[in-house]
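Letter by letter, the chains look like this.
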Amino acid sequence: MSTRSIPVVTSSNGTRNRGRKVAVIGSGSWGTTFAKVLSDAGCDVTVWARRPEVATEIQVAKRNSQYLPGINLPKSLKATDDLALALKGAQLVFLAVPSQTLRQNLLDLEPFLDRRSVLVSLVKGVEQTTTMRMSEVIIDTLDIGPERVGVISGPNIALEIAKEQPTGAVASCVDLQVAQEIATSCSAPYFRTYVNTDVVGTELGGVLKNLIALAIGIVDGVGYGENTKAAIITRGLAEMTEFAVASGADPVTLSGLAGLGDLIATCQSPLSRNNTAGRLIGQGYSQEETREQMQQTAEGITSVPPVLELAHERGIVMPIVEQVQMVLSGTMAPKNLGPHLATEDDVPRPELRLGVPQPGRWERFVNLMKGKSA
Ligand SMILES: NC(=O)C1=CN([C@@H]2O[C@H](COP(=O)(O)OP(=O)(O)OC[C@H]3O[C@@H](n4cnc5c(N)ncnc54)[C@H](O)[C@@H]3O)[C@@H](O)[C@H]2O)C=CC1
Ligand SMILES: O=C(CO)COP(=O)(O)O
């Protein structure tokens, strides 16, 4: 028998984070889970819940039975429905609300914010009315510099993390030192956080993988198998990368945890809400029926139109996302979604042409789609 002992995973952050006051705004599945991660990393955490009964359940029973059934939350975790109380002394403020309400939530919390605090988006969506990413919404609403705004993203299915399954994530800020502070605050024994300064790429990875996960759900609902899904994931990553690079991202970020990593997790997991929403639509449920069944945030559905708007502006063709949009709007039958429609060329084209300008491609794609309507 081996005499080598199994290494015990420890974290020095428990001491490094001692006395670090942080707030989490939003107490759905991700806000509550992330509050647990921060607590387990040694921070002094208060989570803000919109509904008083949720705040009371977390504060008193150390449970959030609606979003994390069966999960015991740390004894030290505090919760309140009072924004002023949640934000008092908070050096880091983590935002975990739906993308379409973030702007109003920021306006509500602004009067209570310490002017030196850093705001960190955990949100994976785009504002529909402005096409802004969440870090842009924060800067725009609070009129603060980008060095006070961070993003955390990666393959982070909430329930798995709440069960303390080993997980990796990326903390991003234009200021590397701030990114490191953010990463330290949430590095728990089961949660490893890397850093980068590519906010655009980190943020867009989380937004765009939701759209590809919708496509995966749709073809899964139709009954297609692994070949179709693998083609969509692979071509989806190419679409994500092309869009992100045209938006100013580093392509390397898209092959990391915030890109490929999150794409794999979201496309594979039955726990993913985007994947689940797609599956219901693929099975023939309407968007309305899908929303009723879900009861949770599936950001991809609201991100499709603004992402396509930006893609058109930037001259990027995203055939899979276009097909998702057509299925959602009822102009394409779910069974027609697939990689066979993701090329519009008469002559077969090379598989990978990242960064090579492709004049006329958008027009060819539109013409192709006109002939393929449901
Ligand atoms: N659940 C997950 O595994 C992960 C989610 N995210 C992202 O986190 C964000 C939040 O999602 P979840 O917590 O999963 O959603 P959720 O559906 O579990 O919870 C949403 C929360 O927002 C609250 N809410 C609804 N309207 C509101 C408003 N007007 N003002 C303030 N709060 C409001 C709800 O009461 C609920 O507490 C999304 O952008 C999602 O993409 C990111 C990583 C993982
Ligand atoms: O972002 C997530 C995992 O990283 C959660 O995905 P869903 O929002 O599809 O559940």
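Everything here concerns the structure above.
Residue numbers here run from 1 along each chain, matching the order of that chain's written sequence. Chains and ligands are labelled by the order in which they are written, letters from A for the one and numbers from 1 for the other. Local features are withheld for residues below a pLDDT of 70 in this predicted model, meaning they are given only at 70 or higher, and side-chain atom pairs are given and counted only at 80 or more; totals for whole chains, interfaces and linings count all residues. Where side-chain values are given, they derive from all heavy atoms of the structure, hydrogens and water being excluded.

Chemist: Any chance you could explain the sheet that holds strand β3 (residues 78-80) here in plain terms?
Modeler: For sheets, the rule is that strands pair by backbone hydrogen bonds, running either parallel or antiparallel. Two strands pair under a simple rule: DSSP has to find at least two bridges between them. Segments assigned H or I by DSSP are reported as helices when at least four residues long, segments assigned E as strands when at least two residues long, and all are numbered from the N terminus. Reading across the sheet, the 8 strands line up as β3-β2-β1-β4-β5-β6-β7-β8 and stay open at both edges, with mixed pairing between neighbours. Taken across any chain shown, the strands that pair with only one partner, and hence form the sheet edges, are β3 and β8 (191-196). Averaged over neighbouring strand pairs, the angle between their axes works out to 25° when direction is ignored. Across 3 bridges, the pairing between strand β2 (residues 44-48) and β3 is parallel. Under this scheme, a helix contributes an axis fitted over its contacting stretch, all axes are lines through C-alpha atoms, and angles between N-to-C directions fall in the 0 to 180 degree range.

Chemist: I keep staring at the site of ligand 1 and nothing clicks. Help me out?
Modeler: In the neighbourhood of ligand 1, 24 residues make up the surrounding shell, with Ser29, Arg50, Ala158, Thr297 and Glu299 lying closest. Counted as a polar contact is a pair of N or O atoms within 3.5 Å, where, for protein atoms, one must be capable of donating a hydrogen and the other of accepting one, and residues adjacent in sequence contribute only when both atoms are in side chains. The contact in question runs from an oxygen atom of ligand 1 to an N or O atom on the side chain of Ser29, over 2.8 Å. Within the side chain of Thr297, an N or O atom sits 2.8 Å from an oxygen atom of ligand 1. Accessible areas in this description were obtained via Shrake-Rupley with a 1.4 Å probe; residue shielding takes into account the shown protein chains only. About the coverage of ligand 1: the protein hides 88% of its 830 Å² of free accessible area. Using protein atoms alone on a 1 Å grid, points that fit a 1.4 Å probe yet trap it form a cavity, whereas open point sets bounded by protein on both sides within 12 Å along at least five of seven lines form a pocket; residues with an atom within 4 Å of a point count as lining. Occupancy of a cavity or pocket is assigned to a molecule whenever over half of its atoms lie within 2 Å of that pocket's grid points. According to the grid-proximity analysis, the pocket containing ligand 1 is the largest pocket. The domain limits used here are those given by an automatic or database domain assignment. Composition of the shell around ligand 1 by domain shows at least three residues from each of domain 1 (19-197) and domain 2 (204-354). Any residue with a non-hydrogen atom lying within 4 Å of a molecule or strand is treated as near it.

Chemist: Can you walk me through the packing of aromatic side chains in this structure?
Modeler: Aromatic ring pairs are defined here through the distance separating the ring centres and the angle between the ring planes. In this scheme Phe, Tyr and Trp rings, the latter by its six-membered ring, pair at centre separations within 6.5 Å, and the angle between planes marks the pair as stacked below 30 degrees, edge-to-face above 60, and tilted otherwise. Applying the stated criterion to the full structure yields 3 aromatic pairs. Where Phe34 meets Phe94, the ring centres are 5.3 Å apart and the plane angle is 45°; that geometry is what we call tilted. Here Phe34, found in helix α2 (residues 29-40), pairs with Phe94, found in strand β4 (residues 92-95); they are 60 residues apart in sequence, far enough to count as distant. Think of it in three bands: with a 1.4 Å probe and only protein chains considered, a residue is buried below 20% of the maximum accessible area for its type, exposed above 50%, and partly exposed in between. By relative accessible area, which is 0% here, Phe94 ends up buried. Pairing Phe34 with Phe191 gives two aromatic rings, centres 6.0 Å apart and planes at 85°, and the pair type is edge-to-face. Of this pair, Phe34 sits in helix α2 while Phe191 sits in strand β8; the two residues are 157 residues apart in sequence, bridging distant segments of the chain. Phe34 sits in the buried class, given a relative accessible area of 0%. Among the aromatic residues, ring-to-ring pairing joins Trp30, Phe34, Phe94 and Phe191 into one connected group. Here the guanidinium or amino end of Arg192 rests over the ring plane of Tyr194, the centre of that ring lying 4.4 Å away. A positively charged side chain is recorded as over a ring if its NZ (Lys) or CZ (Arg) lies within 6 Å of the ring centre. The angle to the ring normal must also be within 35 degrees.

That is the geometry; function is a separate question.
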